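# Architecture and fold: a report
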Amino acid sequence: MTPEKQREIASKGGRAAHQKGTAHEWTSEEARSAGRKGGQISRGGRGRLVDGDASQPVIGQIADPGATPSGFDGH
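Quick look at the structure, then. (Residues numbered from 1 in each chain as written. Predicted model: local features only at pLDDT ≥ 70, side-chain atom pairs only at ≥ 80, totals over all residues. Heavy atoms only, no water.)

## Looking at the overall build of the chain
As a reminder, the rule being used: Segments assigned H or I by DSSP are reported as helices when at least four residues long, segments assigned E as strands when at least two residues long, and all are numbered from the N terminus. Per-residue accessibility, obtained with a 1.4 Å probe over protein chains only, is compared with the maximum for each type, and a residue is labelled buried under 20%, exposed over 50%, and partly exposed between these values. Residue exposure ignores everything except the shown protein chains as possible cover, and the areas themselves are Shrake-Rupley values with a 1.4 Å probe.
What the chain contains, in helices and strands, is 2 helices and 0 strands. Within the span of the chain, comprising 75 residues, buried residues form 0% of the whole. With an accessible surface of roughly 6,700 Å², the chain has 54% of that area assigned to carbon and sulfur atoms.

## Concerning the pattern of salt bridges
What counts, and what does not: A pair is scored as a salt bridge if a Lys or Arg side-chain nitrogen falls within 4 Å of a carboxyl oxygen belonging to Asp or Glu.
Evaluation of the coordinates by the stated rule reveals 4 salt bridges. Residues K12 and E8 are paired through a salt bridge, measuring 3.5 Å at the closest nitrogen-oxygen approach. Of this pair, K12 and E8 both sit in helix α1 (residues 3-20), 4 residues apart, roughly one helical turn. Residue classification places E8 among the partly exposed residues on the basis of a relative accessible area of 39%.

## Things to note about α1
Rules: What a helix is expected to span follows from its residue count: subtract one and scale by 1.5 Å.
With 18 residues, α1 should reach 26 Å at 1.5 Å per residue; the first-to-last C-alpha distance of 26 Å fits that figure. After α1 finishes, the residue G21 shows a positive phi value of roughly 90°.

The following block contains the structure:
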């Protein structure tokens, strides 16, 4: 089956579910959670500790609060 045909069938199902009132409607918290999960997956594991390697900081963690990023002179 072609991707176009699959989309057409799925679209019909989605419209029917909304008309029937059984379609899922995302809450803002569900959407936030899904976005967070997707962001974690899309990074491919970057920023997470791998094999207990504590020498690499986790994203969002500041290893040295006084340090500046490489090449940044504050101007």
